[in-house]
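Structure at a glance
Chain by chain, the residues:
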Amino acid sequence: MARHGHDVECAQRIRMLRLLQAPDPPPLALLNAIAAEIGQCCGHHPLKCFRLAHGWSSAEKAVQALHRMCEGQGLGTRGLTKRSWLDWESGHRPGADYLDLLCRLFRTGPVELGFATDYTPGVKMSVPATERDVFMSAASESSDHAAEIEAAAVGPNALEQLGDDTLRLARAYVYEPLLPLFGELTRVRNRAYRLLDRTRNPRQQQDLYLAAGQLCGLLGSASFDLGYPYAAAEQARAARVYGEVIGHNELSAWADGLLACVEFWAGRPTQALRLVERGLAIAPPGTTRVRLLSIAARASALLGDASGTREAILAAQDARGPRGELHDEVGGEFGFDEARQAFCAGSAYLSAGLAPEAEAECQRALNLYRSAPEEQRWYAAEASASVDLAAARLLAGDIDGVADALAPVFALQPDKRVEGLVKRMGQVRASLASIASREAGALAERIEVFSAETAILALPAI
């Protein structure tokens, strides 16, 4: 069963620690032990564990090593590509010839590489699965096998399933914990890549590039919310490229918005505004422009430009117009409704030091979220709006109001405490620490406890 693994840095740390006192080159038994430890800690496919244990940080390096082995041992020329290798690491079994070459490369057998089962009595067969894992794994296997059957020319069933999965994941983003969702997003994106390799039909390619772009965009949002901004930027750039390839300006402009968010959270608001301008140059009328202008307001506030902040917020309010395919029809994480717009306006006003305006917009955002259906309430934005409301009240010296605003945030489960929310809570805690009162001290302590168990801390440190 496929499991979402840690980032490569975790495996690299394991390898480095095990090789500190090892001879050069390290013995095969040690490399095998490192592969086993990586598998136990990180949850990767065994083939990927062996690759990382041998120090090949990318699939491309492993492919190059296999080509060198074939040349050095007189095994003939092979046409192996990085894409095929990544397919194997996602669980697709290689043909007999390539399986033999993989066993030669790592000097081990197919069981160890995860492509065969050892039926020796007493051998551990599988990892205990939750009920949801069983059903989702069975559904994934069915979808993947159906896609294989239609491989010669991608059939309508595979395309329909991919579209349904993309839509479902985009909408699930706003109410489900991100770590389990990240694994599903990766699996479905990889299926889109495999289907792209199998069709030359221009219309099908356009649909598949759109799905790949949306899935990369969702992976970018998830990477950002889980505290990996550089990974988020890479995913966003990939989404923008796919949008450019098929002329889907709404997708490309959305990607520019995500890149701008990465920049202003990193303290580079000027670069964020440049990205917003690039997105606005291609953005269709309607929600796409509303989102970009709302991001511009937050970047302007960080620059201390109160006038620019107000102008961007007002421009966003005037930009509401035609519904877009991505922002309005797909929605979910791609959506940017009035609640999200009010939340962004409140955050911008707060950064600009305009407490009354910030409190009004944050309260409006919360009222809109609380009146919406559960599946449309983006928990991260709703909780962040509550924190911004608390920060605005703190500027006015209303400690009791701060406690009231933070009450629903403290109730949020750890797996939904994402990066932006935790940072906001840290800012409020820093402000509370400067206030000499028992109430402020108690709130600061609660925030410290809250921040000790988060979705971010479930991941390996960078």
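Scroll up a little and you will see the structure.
Because the structure is a prediction, the values reported are computed rather than measured.

Here we take up the overall build of the protein. What the protein contains, in helices and strands, is 22 helices and 0 strands. Relative to the compact-globule value of 23 Å for 462 residues, the protein shows a C-alpha radius of gyration of 25 Å, a close match. With the C-alpha coordinates aligned to their principal axes, the bounding extent of the protein is approximately 75 × 55 × 40 Å. Sequence-distant contacts, at least 24 apart, represent 64% of the contacts inside the protein between residues at least 6 apart. Averaging the positions of the 48 positive and the 57 negative side-chain charges in the protein gives two centres separated by 4 Å.

According to the stated counting rule, one finds 10 aromatic pairs in the structure shown. An angle of 75° between the planes, with centres 6.1 Å apart, marks the rings of Phe410 and Phe450 as edge-to-face. Of this pair, Phe410 sits in helix H20 (residues 399–410) while Phe450 sits in helix H22 (residues 438–450), and the two are 40 residues apart along the sequence. Accessibility assignment for this pair places Phe410 and Phe450 in one class, buried. Three or more aromatic residues joined by ring pairs make a cluster, and in this case those are Phe50, Trp56, Trp85, Trp88, Tyr98 and Phe106. For the cation-ring pair, Arg340 lies above Trp378, with the distance from its terminal atom to the ring centre recorded as 4.0 Å. The aromatic ring of Phe410 is capped on one face by Arg446, whose charged end is 4.0 Å from the ring centroid.

Phi is positive for Arg107, which is not a glycine, with a value near 55°. Following the sequence through the fold, Arg107 ends up in the loop between helix H6 (96–106) and helix H7 (131–149). Exposure remark for Arg107: the relative accessible area of 53% places this residue in the exposed category.

According to the stated counting rule, one finds 23 salt bridges in the structure shown. When the shortest N-O distance is used, the salt bridge between Glu357 and Arg310 registers 2.9 Å. Of this pair, Glu357 sits in helix H18 (residues 355–370) while Arg310 sits in helix H15 (residues 306–318), and the two are 47 residues apart along the sequence. When its relative accessible area of 33% is taken as the criterion, Arg310 is described as partly exposed.

Let us now look at the environment of Ala158. Checked against the element boundaries, Ala158 lands in helix H8 (residues 156–172). In this structure, the C-alpha to C-alpha distance between Ala158 and Ala192, residues 34 residues apart in sequence, is 9.4 Å.

Turning to a negative patch on the surface, a few remarks are in order. A surface patch of like charges, here negative, comprises Asp398, Asp400, Asp404 and Glu439. Among the secondary structure elements, Asp398 is positioned in the loop between helix H19 (379–395) and H20. Classification of Asp398 by relative accessible area gives partly exposed; the value is 34%.

Next up on the list: helix H17 (residues 338–351). Helix length check: H17, at 14 residues, gives a terminal C-alpha distance of 20 Å against a target of 20 Å (1.5 Å per residue), a fit within 8%. The buried fraction of H17 amounts to 12 of the 14 residues, a majority that puts the element mostly inside the structure. When we look at burial in H17, the residues that qualify are Ala339, Arg340, Gln341, Ala342, Phe343, Cys344, Ala345, Gly346, Ser347, Ala348, Tyr349 and Leu350. Among the residues trailing H17, Gly353 stands out with phi positive, at a value near 80°.

Our focus in this paragraph is the packing of helix H10 (residues 202–225) against helix H11 (residues 229–246). Running from N to C, H10 and H11 point in directions that differ by 160°, and their axes come no closer than 8 Å. The orientation of H10 relative to H11 falls into the category roughly antiparallel. Crossing geometry of H10 relative to H11 is assigned as left-handed. Each of Gln206, Tyr209, Leu210, Ala212, Gly213, Cys216, Gly217, Leu219, Gly220, Ser223 and Phe224 in H10 lies in contact with H11, whose residues at this interface are Pro229, Ala231, Ala232, Gln235, Ala238, Ala239, Tyr242, Val245 and Ile246. Across the contact of H10 with H11, the residue classes tally to 14 nonpolar, 6 polar and no charged.

Proteins that are soluble and globular tend to have nonpolar side chains buried together. Counting 107 residues, the largest nonpolar core has Leu162, Leu406, Leu421, Met425, Val428 and Leu432 as the members making the most contacts within it. The element best represented in this core is H19, accounting for 11 residues. When near neighbours in sequence (up to four residues on either side) are disregarded, Leu432 contacts Leu394, Ile399, Ala440, Leu443, Ala444 and Ile447. Ala11, Ile14, Leu99 and Leu105 belong to the second largest nonpolar core, which has 33 residues in total.

Basis of the calculations
Residues numbered from 1 in each chain as written. Predicted model: local features only at pLDDT ≥ 70, side-chain atom pairs only at ≥ 80, totals over all residues. Heavy atoms only, no water. Helix = DSSP H or I, 4+ residues; strand = E, 2+ residues; numbered from the N terminus. Rg over C-alpha atoms; globule rule 2.2 N^0.38 Å. Contact = heavy atoms within 4.5 Å. Lys, Arg positive; Asp, Glu negative; His and termini not counted. Charge placed at Lys NZ, Arg CZ, Asp CG, Glu CD. Phe/Tyr/Trp six-rings, centres within 6.5 Å; stacked < 30°, edge-to-face > 60°. Buried < 20%, exposed > 50% of the residue type's maximum accessible area, 1.4 Å probe, protein only. Lys NZ or Arg CZ within 6 Å of the ring centre and 35° of its normal. Salt bridge = Lys/Arg side-chain N within 4 Å of Asp/Glu carboxyl O. Patch = residues over 30% accessible without salt bridge, like charges linked within 9 Å, V, L, I, M, F, W, Y side chains within 5 Å. Areas by Shrake-Rupley, 256 points an atom, 1.4 Å probe, with all protein chains shown as cover. Expected span 1.5 Å × (residues − 1). Axes fitted to C-alpha atoms, helices over the stretch in contact; angles between N-to-C directions. Parallel < 35°, antiparallel > 145°, perpendicular 65-115°, else oblique. Left-handed = near helix turned anticlockwise from the far one by under 90°. Nonpolar A, V, L, I, M, F, W, Y, C, P; charged D, E, K, R; others polar. Core = buried A, V, L, I, M, F, W, Y, C linked by side-chain atoms within 4.5 Å.

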